[in-house]
Amino acid sequence: VTLSEGARAGTGRELGMLDSLLSLGGLVLLRDSVEWEGRSLLKALVKKSALCGEQVHILGCEVSEEEFREGFDSDINNRLVYHDFFRDPLNWSKTEEALPGGPLGALRAICKRTDPGPVTIALDSLSWLLLHLPCTTLCQALHAVSHQDSCPGDSSPVGKVSVLGLLHEELHGPGPVGALSSLAQTEVTLGGTKGQASAHILCRRPRQRPTDQTQWFSILPDFSLDLQEGPSVESQPCSDPHIPPVDPTTHLTFNLHLSKKEREARDSLILPFQFSSEKQQALLRPRPGQATSHIFYEPDAYDDLDQEDPDDDLDI
Amino acid sequence: MAAVATCGSGAGSTGSAVATASKSNVTSFQRRGPRASGTNDSGPRLVSIAGTRPSVRNGQLLVSTGLPALDQLLGGGLAIGTVLLIEEDKYNIYSPLLFKCFLAEGIVSGHTLLVASAKEDPANILQELPAPLLDDNSKKEFDEDVYNHKTPESNIKMKIAWRYQLLPKMEIGPVSSRFGHYYDASKRIPQELIEASNWHGFFLPEKISSTLKVEPCSLTPGYIKLLQFIQNIIYEEGFDGSNPQKKQRNVLRIGIQNLGSPLWGDDICCAENGSNSHSLTKFLYVLRGLLRTSLSACIITMPTHLIQNKAIIARVTNLSDIVIGLESFIGSERETNPLYKDYHGLIHIRQIPRLNNLICDESDVKDLAFKLKRKLFTIEAGVQWHDLGSLQPHLPGSSNSPASASLVAGITGVHHHAQLIFVFLVEMGFHHVGQAGFELLTSGDSFASASQSSGITSMSHHLRPRALYFKENKSKVGARQLLETREEHLSSRLLILTQAERLCMGRRFFTAFHIFNELPCKGDCICLQTCQTQ
């Protein structure tokens, strides 16, 4: 699927791309904006992975736990492992439940788990983390987390780790956003027109060309994902029908078209550097008096044509 | 591993050049007298390390970058002691391939490798190196690729009066002991080659603990560790000459991947005015110092499209020796441009060094595009889109096909003149001029006007070092002296003489040159004089 081909939505094969976001693993970046918010898509993806039986960890930093769990039914809520950094981000209450090391410590602790199986980590949100942590540290931690499954020779088979990060594009400059998107395996940019949300999914597989696709969707109240066809594309207003397209080849003072006879004559013309066998034979036939290569030289006014070698005048 | 000192193809140095020439009668160069360098052997000794060869232009020892086309663009290869910086393409698809070709070339040549990365484990990188194309199946690979390449051109209905259509392609022959190999991007390097090689890996997450405190205005800890690691390897293995017992000298190839990305702890990609904005430039400065004092060459890939402060990119370019930028067409509007439909991206050569030289070895072909075919990565150039990788690096005085000279010089048009055209060749390392009967740049008698044995020239005045000026009859003039005196007395750079100049240059002018023959020569030039009259 080339980049240009993938822009179409609606075929059966492509509908699955939004569904299969998590199956690729690695860092999935959800870029949202004020008009098209991404938390509902994040919750929909969390719900889907919970229903698949994966372990789901949520690092909640931006909204409270109650708000995040709202809308999920109880069995999903039981499966979610929620790390709350919203209520007490700087650990002022110094309770035992507080996780050491902050959000990054929690990430590393999740990685050090011993039980196998695929894990999905949802970061709500990466913007909060970017504002509170240095960008390089965050990038290094994310890279360590999302590439953990690619080390061979591990004693315990660690399952695939998917990290879903919600990033509010407008809060950051091009630097951090560019750095994170170069790390991400999949990048989903939310947009849409006229009430219909769309996700532009850019998938970067290592050593392969990136593929992209635009998927129209909507989120149902119970946070399940509903994939849709795009809105009907209106006919673009073409160039003004009153003005016919101008043919630039008319009204020229020279002839751009060849008649058939002329075309034949042109095709049969032998170009100077193309050699047919006759021409080669003609060349190879030894011409009289030609032993070595010749130089045809027309002397001009400033040249003197004495045949002596000027070197003979030298007295070395 | 080739333990025998083979210095690659052709003759690059003074002594052996003429020796082979006289033996094989390939050229008509003949020595005028006893060795100019004298019997005390004060000339440059051949450093015989496998996989290297001296440059014909400035005497530097070169290693291959793994892509013969790239070697040719860089003037023969990457000089030992220099840094090759590759600016990554946006999605980082093609720059790792160049990186891996460099490392694979090191393995095939038997060099020691040092691979540093913050993203991937170096052991994994080495597993993914491309396999070298060996002699027996290389021709087959090339032919099939060539045919695939040629078929779209044959469909073009427009016939061009292009005399190079019929020129034979030069022999391609990557042999294991030679300089420069072709790599098959679809196959992995055989495991036994990796195991037989000597390599060191530096994987940043393993070497550094995350709780290290960073002092401001100094190098980031990742860079410090990497520099220490490189220094240790250079010292312990004697690449800087510190271990005099080592008889077999070898070259260290250093490869650093994704330098400057946030994974190295450097925030130049994240912020415009970060706290360590000088960290990368300091690193490159120290690295260059380490390289210049040891037998090593380094390749660095850097995501410059992510660097926020453009001044840093300019500084990094100045601190590196060779800078090549890759621009892939993916996602840009050029992807649909029919001009570029066969190609995957453009290569921009942003900087080439001037090593022990006043001029740099600039390629005259500026519009280069690359294409990753099924197996091979090729670089093609200019209007002709001729594959640069299929040409052997040519040397003057060898009767190679002139196509090589012309294409290296970027000829886009052929200018014939009834009179001869003076072309000067400035070459380093040759002491004496060729003599009688020397034909250079004749296009193989394939055209009737062989009388116009003027070679191919390019009418660009940027071609200062490329002018070739050849002669037909006997003269014992030292060419170097001629050029040098012209430079000295006329105080003009060597140029291809335009028609106007040639008009002014009568026989008297040649006489003047001959009188000045006795001056000692400072530069190394070859000039072969041509005689207008028959």
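As recorded in an unreviewed UniProt entry, chain B goes by the name Elongator complex protein 4, listed as coming from Mandrillus leucophaeus. According to its UniProt record, chain B has this under Subunit (unreviewed entry): "Component of the elongator complex which consists of ELP1, ELP2, ELP3, ELP4, ELP5 and ELP6."

The name recorded for chain A in an unreviewed UniProt entry is Elongator complex protein 5, from Mandrillus leucophaeus. The UniProt entry for chain A carries the following comment under Pathway (unreviewed entry): "tRNA modification; 5-methoxycarbonylmethyl-2-thiouridine-tRNA biosynthesis." Reading the Sequence similarities (unreviewed entry) entry of the UniProt record for chain A gives the comment "Belongs to the ELP5 family."

Caption draft 1: Examining the overall build of chain B more closely. A tally of regular secondary structure across chain B gives 14 helices and 15 strands. Looking at chain B as a whole, 55% of its 534 residues qualify as buried. Pairs at least 24 apart in sequence give 76% of the contacts found in chain B among residues at least 6 apart. Here chain B has roughly 23100 Å² of accessible surface; of this, 55% comes from carbon and sulfur atoms.

Caption draft 2: View of the confidence of the model for chain B. All names here are of chain B. When pLDDT is averaged across chain B, the result is 66; 52% of the residues are at 70 or more. Taken as a whole, residues 146-157 scores under 50 in pLDDT and shows five contacts with residues more than four places along the chain or in a different chain. Throughout residues 486-498 the model reports pLDDT below 50, and contacts reaching past four residues in sequence, or to other chains, amount to 34 contacts. Across the assembled chains, the prediction reports ipTM 0.71 with pTM 0.66.

Caption draft 3: Structural context of the sheet that holds strand 1 (residues 26-32) of chain A. All names here are of chain A. Spatial strand order, 3-2-4-5-1-6-7-8-9: nine strands in an open sheet with mixed pairing. In the strand order of this sheet, the two ends are held by strand 3 (80-84) and strand 9 (225-228), each with one partner. On average, adjacent strands in this sheet sit at an angle of 25° to one another, irrespective of strand direction. The pairing of strand 7 (residues 196-203) with strand 8 (residues 211-219) spans seven bridges and is antiparallel. Bridging from a neighbouring strand, H200 pairs with T214 of strand 8. Helix 7 (residues 135-146) contacts strand 1, strand 4 (119-124) and strand 5 (161-168) of the sheet and is inclined by roughly 150° relative to strand 5. Its contacts with the sheet put helix 8 (residues 174-183) on strand 1, strand 5 and strand 6 (186-193), and the angle it makes with strand 1 is roughly 140°.

Caption draft 4: How the structure looks around unusual backbone geometry. Following D124 of chain A, the chain continues into S125 of chain A via a peptide bond in cis, with omega recorded as 0°. Examined against the element boundaries, S125 of chain A turns out to sit in the loop between strand 4 and helix 6 (126-132). A positive phi is found at F223 of chain A, a non-glycine position, where the angle reads about 60°. Its place among the elements puts F223 of chain A in the loop between strand 8 and strand 9. Of the residues examined, F223 of chain A reaches a relative accessible area of 14% and is grouped as buried. Despite not being glycine, N258 of chain B shows a phi value in the positive range, around 55°. A relative accessible area of 6% means that N258 of chain B is categorised as buried.

Caption draft 5: Summary view of the packing of helix 8 (residues 221-236) of chain B against helix 9 (residues 279-292) of chain B. Residues and elements named next belong to chain B. In contact at an axis separation of 10 Å, helix 8 and helix 9 are set at 5° when each is read in the N-to-C sense. Between helix 8 and helix 9, the crossing angle belongs to the class labelled roughly parallel. Across from Y223, L226, L227, I230, Q231 and I234 in helix 8, the residues of helix 9 making contact are S279, L280, F283, V286, L287 and L290. Its residues assigned to classes, the contact of helix 8 with helix 9 shows ten nonpolar, two polar and no charged.

Caption draft 6: Up close: the pattern of salt bridges. Following the criterion strictly, the structure yields twelve salt bridges over all chains and no others. For the salt bridge of R39 of chain A with E62 of chain A, the shortest nitrogen-to-oxygen distance reads 2.5 Å. Remark: E62 of chain A occurs in the loop between strand 2 (55-60) and helix 3 (65-69) and R39 of chain A occurs in helix 2 (residues 39-51); sequence separation between them is 23 residues. For E62 of chain A, a relative accessible area of 25% puts it in the partly exposed group. Here K100 of chain B makes a salt bridge to E128 of chain B, at a shortest N to O gap of 3.3 Å. Remark: E128 of chain B occurs in the loop between helix 4 (122-127) and strand 6 (130-132) and K100 of chain B occurs in helix 3 (residues 95-109); sequence separation between them is 28 residues. By relative accessible area, which is 5% here, K100 of chain B ends up buried. Taken together, the shared-partner salt bridges in this structure form one network comprising R31, E169 and E187 of chain A.

Caption draft 7: Fine view of the confidence of the model for chain A. Residues and elements named next belong to chain A. Across chain A, pLDDT averages 79, with 81% of residues at or above 70. Counting interchain partners and residues more than four positions distant, the pLDDT-below-50 stretch residues 1-15 has 27 contacts. Note on residues 152-156: pLDDT under 50 across the span, and one contact to partners over four residues away in sequence or across chains.

Caption draft 8: Representation of a nonpolar patch on the surface. A cluster of nonpolar side chains, L252, F254 and L256 of chain A, forms an exposed patch at the surface whose accessible area comes to about 290 Å². Along the polypeptide, F254 of chain A turns up in the loop between strand 9 and helix 9 (260-267).

Caption draft 9: Main features of helix 2 of chain A. Residues and elements named next belong to chain A. With 13 residues, helix 2 ought to run about 18 Å at 1.5 Å a step, and its terminal C-alpha atoms sit 18 Å apart, in line with that. The element helix 2 is extensively covered by neighbouring structure, given that eleven of its 13 residues are classed as buried. Listed as buried for helix 2 are R39, S40, L41, L42, K43, A44, L45, V46, K47, S49 and A50. G53 lies just past helix 2 and shows a positive phi near 95°.

Definitions and cut-offs
Residues numbered from 1 in each chain as written. Chains lettered and ligands numbered in written order. Predicted model: local features only at pLDDT ≥ 70, side-chain atom pairs only at ≥ 80, totals over all residues. Heavy atoms only, no water. UniProt positions renumbered as here; feature names shortened; annotations may be inferred. Helix = DSSP H or I, 4+ residues; strand = E, 2+ residues; numbered from the N terminus. Buried < 20%, exposed > 50% of the residue type's maximum accessible area, 1.4 Å probe, protein only. Contact = heavy atoms within 4.5 Å. Areas by Shrake-Rupley, 256 points an atom, 1.4 Å probe, with all protein chains shown as cover. pLDDT = per-residue confidence, 0-100. Pairing = 2+ DSSP bridges. Axes fitted to C-alpha atoms, helices over the stretch in contact; angles between N-to-C directions. Parallel < 35°, antiparallel > 145°, perpendicular 65-115°, else oblique. Nonpolar A, V, L, I, M, F, W, Y, C, P; charged D, E, K, R; others polar. Salt bridge = Lys/Arg side-chain N within 4 Å of Asp/Glu carboxyl O. Patch = residues over 30% accessible without salt bridge, like charges linked within 9 Å, V, L, I, M, F, W, Y side chains within 5 Å. Expected span 1.5 Å × (residues − 1).

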